[in-house]
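Letter by letter, the chains look like this.
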Amino acid sequence: MKKIVQRLLTVRVASLFIFSVIILIPLLSILSTSFKTMKQYVMSPLQLPIPATVDNYIHLFVENNLHIYFKNSIIFTFFTVFITIVFSSMVAFACVRLGGWKSFVVFGVFVLGMLIPAQVNMIPLYGLVVKLENFVASVGWIPDIKFRDTLYGLIIIKTSVLLSLSIFILTGFMKTIPKELFEAAAVDGSTEGWMFYRVAIPLSLPAIASSSIFLCVIVWNDLLYSLLFTGEKAKTLTMALLMFRGEYESDYPMLFSGVVSASIPMVVAYLFLQRWFIAGITSGSVKG
Amino acid sequence: MKPKKVIYLFIVPAFLLYSLFSLYPTFFGLYLSFTNWDGISAGYDFVGFKNYNNLITNDTVFAKSISNNMKFMLSVVIFQTLLSLIFALFLVKNKTMNVALRTLFFLPTILSSVSVAFIWSSMYDTNFGLIKAILDVFGVQNGPGWLADPNIAIYCIAFVQIWAHTGQLMIIFIAGLQAIPAELYEVSSLEGATKFQTFSKITWPLIAPAAAIVIAYTTMQSFKAFDLIFAMSGGNSNYATEIMSTFIYRVAFQGYKFGYASAASIIFMVIVGLITVIQFKLLKTDQVKY
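Residues numbered from 1 in each chain as written. Chains lettered and ligands numbered in written order. Predicted model: local features only at pLDDT ≥ 70, side-chain atom pairs only at ≥ 80, totals over all residues.

1. Description of the overall build of chain B
Phase 1 of the analysis: Each helix and strand counted, chain B has 12 helices and 0 strands in total.
Phase 2 of the analysis: Its helices and strands taken in sequence order, chain B reads α-α-α-α-α-α-α-α-α-α-α-α from the N to the C terminus.
Phase 3 of the analysis: Seen through its principal axes, chain B has C-alpha atoms that stretch 75 × 75 × 35 Å.
Phase 4 of the analysis: For chain B, buried positions account for 43% of its 290 residues.
Phase 5 of the analysis: Residue pairs in contact within chain B that sit at least 24 positions apart in sequence constitute 72% of those at least 6 positions apart. (Helix = DSSP H or I, 4+ residues; strand = E, 2+ residues; numbered from the N terminus. Buried ≥ 20, exposed ≤ 12 C-beta atoms within 10 Å, placed from the backbone. Contact = placed C-beta atoms within 7 Å.)

Written as structure tokens, this is what we have:
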């Protein structure tokens, strides 16, 4: 018996060690490679970058305008997450206040969207956007709205597709707020708007924080919608990375300095806000 | 007390966006699937079930993409679920070392699929790749071709998916495991139960609902692996790693056959729906309460 337990412990340590190495090696290797020249890399991929160079990074920002794509990604992520959270917490609040079958219907209609994979909708969504743009252009008096290759277009579309998930998480949380709080506020003659702003939102802050982080990760890493709807002007960081691949082929030091640059903001945020990241990502998947 | 009518206004902004850009496209896609629209011209014709007919009877690439999708899904679901459960059991206690390892295992989840794809494309590179370099150290001459080998390419990408998401699902299992009351374990150890008995009689029944969630989530995730596969196969289409979503994208945006791609999307949706229903039936666990 003791032997079996001992063996299990060894298996545990060994497998944890192996998996750690499998996770760490690629990550450390790209970090190290990003400070090498191509020549250094080809000579010996495993060696540490001595002497280290930051030329790759300089090149990316000076020649490839990485800072512009950074700016685009930051704007895209911030506004998409902000609008999604505002709109979906309004729906979540309405669901809680309505109660009964009405709440069930509203919630059901929105959650339906979670069941349809994004890739099923990508072609008709693109077709719809083309037709909308043509329609807007044909009607003289509407200001010219472009959904393709504009940041606001990308924000509107990504917000629309994220609403289901966000409503799902936030409604689940708001349902746990005691109904008496709303009743009491109503007795005191407060409006629905006031109740939303002064009762529902403050009490849901933990859920809002964790789902905001969850959404941030999704939007920052978005590829599909950037691929479909952006060109040169609204290009996001992930798209820019994808383009580098065409440009640099297997110039790994160059590619990896791009990968490191694009990942650093999320990784640093993750290390500091770990608890919230994990709470957000689990609530999104467990309840999803 | 009934809410005031104004409450309906809270739903309006979200509903407008959602219905236009999320709900409507599904119906529009169904409509497009019966046309021969090229995505550019204003006009198109109705072709009835021709697109569906061609897809099912004539298109070997589409058939290949479905089979690749299944291979990818099965390998990811089986290995990712097992690994994440095992690591969750190993790391369930909140000790410093365990928490540090959880942080590490979870880390790849927050990287973008494009980053992960680049990292692993380079690892697999048969000329300058890290795996090649490591094999060289051990004196292995003819290593596998990895992504270049059409027989194993899809499994190589499945491995990457597992690499990136095991930590995420491990966290879900840990949440489930930590919800099991500690008294149950105390009682079982007092009764002299073996480790295996404890697992099969206490842990497993109580973790089964979490396992059902993990499996369902992983299945969906593996169907949605467009980003990773698209970025890893980098445009060179020998179809070895084609899955349904990359097929749809390519047919529409490189072949300008929007009607045809829409029909493929509808078939894709039906397949995902069927698998979800089957899984739901299989995984419907009897809730155990102690």
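2. Some details on the overall build of chain A
Phase 1 of the analysis: Secondary structure summary: chain A contains 13 helices and 0 strands in total.
Phase 2 of the analysis: Secondary structure of chain A in N-to-C order comes out as α-α-α-α-α-α-α-α-α-α-α-α-α.
Phase 3 of the analysis: Here the C-alpha radius of gyration of chain A, 24 Å, is well above what a compact globule of 288 residues would show, namely 19 Å.
Phase 4 of the analysis: Among the 288 residues that make up chain A, the fraction classed as buried is 45%.
Phase 5 of the analysis: The contacts of chain A with a sequence gap of at least 6 include a subset with a gap of at least 24, amounting to 74%. (Rg over C-alpha atoms; globule rule 2.2 N^0.38 Å.)

3. Some points on unusual backbone geometry
Of all residues except glycine, most have a negative phi; of all peptide bonds, most are trans.
Phase 1 of the analysis: Here the bond from A:I50 into A:P51 is cis, since omega is 0 degrees, no more than 30 degrees from zero.
Phase 2 of the analysis: With respect to the helices and strands, the residue A:P51 is situated in the loop between α2 (38–43) and α3 (55–62).
Phase 3 of the analysis: In this model, A:N65 sits at a positive phi of 55 degrees, which is unusual for a non-glycine residue.
Phase 4 of the analysis: Secondary-structure assignment places A:N65 in the loop between α3 and α4 (66–98).
Phase 5 of the analysis: Unusually for a residue other than glycine, B:W146 sits at a positive phi of about 45 degrees.

4. Some thoughts on helix α7 (residues 151–174) of chain A
Phase 1 of the analysis: A maximum bend of about 40 degrees is found in α7(A) at A:L162.
Phase 2 of the analysis: Taken across its 24 residues, α7(A) has 20 buried, putting it largely inside the fold. (Bend = angle between axes of the 7 residues up to and from the residue.)

5. Notes on the interface of chain A and chain B
Phase 1 of the analysis: With 72 residues of chain A in contact, the opposing surface of chain B contributes 72 residues.
Phase 2 of the analysis: With 11 residues, helix α6 (residues 118–138) of chain A is the single largest residue contributor to the side of chain A that touches chain B.

6. Re the environment of B:K201
All names here are of chain B.
Phase 1 of the analysis: Along the polypeptide, K201 turns up in helix α9 (residues 195–223).
Phase 2 of the analysis: By the C-beta count within 10 Å, which is 13 here, K201 ends up partly exposed.
Phase 3 of the analysis: It is 48 Å that separates the C-alpha atoms of K201 and A263, two residues lying 62 residues apart in sequence.

7. A few points about helix α4 (residues 96–106) of chain B
All names here are of chain B.
Phase 1 of the analysis: Buried within α4 are the following residues: L101, R102, F105 and F106. Taken around the axis of α4, the buried residues stretch over an arc of 130 degrees, which confines them to a single face. Projecting away from the buried face of α4 at angles above 90 degrees are the exposed residues T96, M97 and A100. (Arc of directions from axis to C-beta.)

8. A closer look at the environment of B:K257
All names here are of chain B.
Phase 1 of the analysis: Tracing the backbone shows K257 in the loop between α11 (244–253) and α12 (258–283).
Phase 2 of the analysis: Using a count of 20 C-beta atoms within 10 Å as the deciding quantity, one classes K257 as buried.
Phase 3 of the analysis: Taking the C-alpha atoms as reference points, K257 and N51, separated by 206 residues in sequence, lie 10.0 Å from one another.
Phase 4 of the analysis: In this structure, K257 is in contact with D38, V251 and A252, ignoring residues within four places of it in sequence.

9. A few points about the packing of helix α3 (residues 60–90) of chain B against helix α7 (residues 153–178) of chain B
Residue and element names in this part refer to chain B.
Phase 1 of the analysis: The contact between α3 and α7 brings their axes to 7 Å, and the two run at 40 degrees. Between α3 and α7, the crossing angle belongs to the class labelled oblique. Crossing geometry of α3 relative to α7 is assigned as right-handed.
Phase 2 of the analysis: In the contact of α3 with α7, the residues fall into 17 nonpolar, 7 polar and 1 charged. (Axes fitted to C-alpha atoms, helices over the stretch in contact; angles between N-to-C directions. Parallel < 35°, antiparallel > 145°, perpendicular 65-115°, else oblique. Left-handed = near helix turned anticlockwise from the far one by under 90°. Nonpolar A, V, L, I, M, F, W, Y, C, P; charged D, E, K, R; others polar.)

10. Description of the nonpolar core
Phase 1 of the analysis: Counting residues in each nonpolar core, the largest one holds 165 residues, and the members touching the most others are A:V91, A:A94, B:I157, B:F173, B:I248 and B:A264.
Phase 2 of the analysis: Dropping the residues within four chain positions of it, B:I248 is found in contact with A:Q119, A:I123, B:A261, B:A264, B:S265 and B:F268. (Core = buried A, V, L, I, M, F, W, Y, C linked by C-beta atoms within 7 Å.)

11. Brief notes about the confidence of the model for chain B
Phase 1 of the analysis: Put simply, chain B has an average pLDDT of 89, and 96% of its residues get 70 or more.
Phase 2 of the analysis: Scoring of the predicted complex yields 0.92 for pTM and 0.90 for ipTM. (pLDDT = per-residue confidence, 0-100.)

12. Focus on the environment of B:L74
Residue and element names in this part refer to chain B.
Phase 1 of the analysis: As for its position among the elements, L74 is in helix α3.
Phase 2 of the analysis: Of the residues examined, L74 has 13 C-beta atoms within 10 Å and is grouped as partly exposed.
Phase 3 of the analysis: Through-space distance from the C-alpha of L74 to that of G192 is 38 Å; in sequence the pair is 118 residues apart.

13. Considerations on the packing of helix α11 (residues 237–248) of chain A against helix α12 (residues 252–272) of chain A
Residue and element names in this part refer to chain A.
Phase 1 of the analysis: Running from N to C, α11 and α12 point in directions that differ by 175 degrees, and their axes come no closer than 10 Å. Here α11 is positioned roughly antiparallel relative to α12, judged by the angle of their axes. Residues L237, T238, L241, F244, R245 and Y248 of α11 lie in contact with α12, whose contacting residues are M254, L255, G258, V259 and A262.
Phase 2 of the analysis: Looking at the contact of α11 with α12 residue by residue, the classes come out as 8 nonpolar, 2 polar and 1 charged.

14. Structural notes on the confidence of the model for chain A
Phase 1 of the analysis: Per-chain confidence: chain A averages 90 in pLDDT, with 98% of residues scoring 70 or above.
Phase 2 of the analysis: No element of chain A has a lower mean pLDDT than helix α13 (residues 274–286) of chain A, which averages 75, and none a higher one than α4(A), which averages 96.

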